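# A structural walkthrough
Chain by chain, the residues run as shown.
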Amino acid sequence: PSGSYNSNTGSTSSSSCVTCPTGSYSSSPGSSTCTQCSAGSYNANTGSPSSSSCLTCPVGSYSNAGASTCTQCSAGRYNPNTGSTSASACVTCPIGSYNSNNGASACTQCPIGSYNSNTGSTSSSSCLTCPVGSYSSSPGSSTCIQCSAGSYNPNTGSTAASSCLTCPVGSYNTNAGSSSCTQC
């Protein structure tokens, strides 16, 4: 019957018919083999009678031909596409982001006030707080922007250029990224 095969000649009983394994199907009675599900799809059931039993791999995963499950992309990687056919579909998270879960369809951007200069990060702790003398006003930053010379910022984790304060009368600084001004 459909969903099974028999690769032997001269069989004398229905017990010679073998159920198709996971990752395959047989749509024709009298088949001598089962057909593998194509790469990018999977079938977790045995004895499947049609190609519609092969389901498309979801985002965050991929499969080779004949798969019973899809393989999830590892943490620090993502795949926004369905039906992917190889591990190369799993893309490394870019700088300014991270992904701590397997099977992700996207990476999470570091919040404003922080940065991450590494690719493939697997934890939110990869997003470092901007140090004094700087700020980050955009999510997903790879660096923090230093306050210009003549200004300062005594706080960490600042999220706007307005965090950079102008040195008051009677003081100065000559370096970008300062946390204070020097009195005259």
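First, a word on what this report is: a plain description of the structure on this page. (Residues numbered from 1 in each chain as written. Predicted model: local features only at pLDDT ≥ 70, side-chain atom pairs only at ≥ 80, totals over all residues. Heavy atoms only, no water.)

### With respect to the overall build of the protein
In plain terms, the rule: Helix and strand assignments follow DSSP, with helices taken as H or I runs no shorter than four residues and strands as E runs no shorter than two, numbered in order from the N terminus. For a compact globule the rule gives 2.2 Å times the number of residues to the power 0.38, and the radius of gyration it is set against comes from C-alpha atoms. Categorising residues by exposure relies on relative accessible area from a 1.4 Å probe, with only protein chains included: less than 20% of the type maximum marks a residue as buried, more than 50% marks it as exposed, and the intermediate range marks it as partly exposed.
Within the protein, the secondary structure is distributed over 0 helices and 20 strands. Expected size for 184 residues packed as a compact globule is a radius of gyration near 16 Å; at 29 Å, the protein overshoots this value by more than 25%. Seen through its principal axes, the protein has C-alpha atoms that stretch 105 × 20 × 15 Å. Counting only residues that meet the buried cut, the protein has 34% of its 184 residues in that class.

### Things to note about the environment of cysteine 93
Using the following cut-off: The criterion used for residue contact is that any of the two residues' heavy atoms lie within 4.5 Å.
In this structure, cysteine 93 sits in the loop between β10 (91-92) and β11 (97-98). Put simply, cysteine 93 and asparagine 118 are 25 residues apart on the chain and 8.9 Å apart in space, counted from C-alpha to C-alpha. Every residue in contact with cysteine 93, bar those within four places of it in the chain, is listed here: Gly76, Arg77, Tyr78, Tyr98, Asn99, Cys107, Thr119 and Gly120.

### Things to note about the side chain of serine 114
Rules: Two N or O atoms form a polar contact when they lie within 3.5 Å of each other; inside protein one atom must be a possible hydrogen donor and the other a possible acceptor, and for residues adjacent in sequence the pair counts only when both atoms belong to side chains.
Mapped onto the fold, serine 114 is located in strand β13 (residues 114-115). Judged by relative accessible area, serine 114 falls into the buried class, the value being 6%. Separated by 2.6 Å, the side chain of serine 114 and the backbone oxygen of proline 111 make a polar contact. With near-sequence residues (within four places) excluded, serine 114 lies in contact with Cys127, Leu128, Thr129, Cys130, Ser136 and Ser141.

### Some details on the state of the cysteines
How we decide: Only a pair of cysteine sulfur atoms within 2.5 Å qualifies as a disulfide here.
By the definition in use, this model includes 9 disulfides. Across the disulfide, cysteine 57 is cross-linked to cysteine 70 (sulfur-sulfur distance 2.0 Å). As the torsion about the S-S bond is roughly -90 degrees, the cysteine 57-cysteine 70 disulfide counts as left-handed. In this pair, cysteine 57 sits in the loop between β6 (55-56) and β7 (61-62) while cysteine 70 sits in the loop between β7 and β8 (71-72), placing the two residues 13 residues apart along the sequence. The partner cysteine of cysteine 167 in its disulfide is cysteine 181, sulfur to sulfur 1.9 Å.

### Concerning the side chain of serine 121
Tracing the backbone through its elements, the reader meets serine 121 in the loop between β13 and β14 (128-129). In this structure the side chain of serine 121 is engaged in a polar contact, spanning 2.9 Å, whose partner is the side chain of asparagine 116. When neighbours within four sequence positions are excluded, serine 121 is seen to be in contact with Gly76, Ser97, Tyr98, Asn99, Asn116 and Ser126.

### Thoughts on the environment of serine 117
With respect to the helices and strands, serine 117 occurs in the loop between β13 and β14. A residue is classified by how much of its surface remains accessible, and serine 117, at 48% relative accessible area, is partly exposed. Excluding residues within four positions of it along the chain, serine 117 makes contact with Ile95 and Ser142.

### Examining the environment of threonine 71
Mapped onto the elements of the fold, threonine 71 is located in strand β8. Given the relative accessible area of 38%, threonine 71 is considered partly exposed. Excluding anything up to four places from it in sequence, threonine 71 contacts Gly60, Ser61 and Tyr62.

From the geometry alone we can't say anything about function, so treat these as descriptive.
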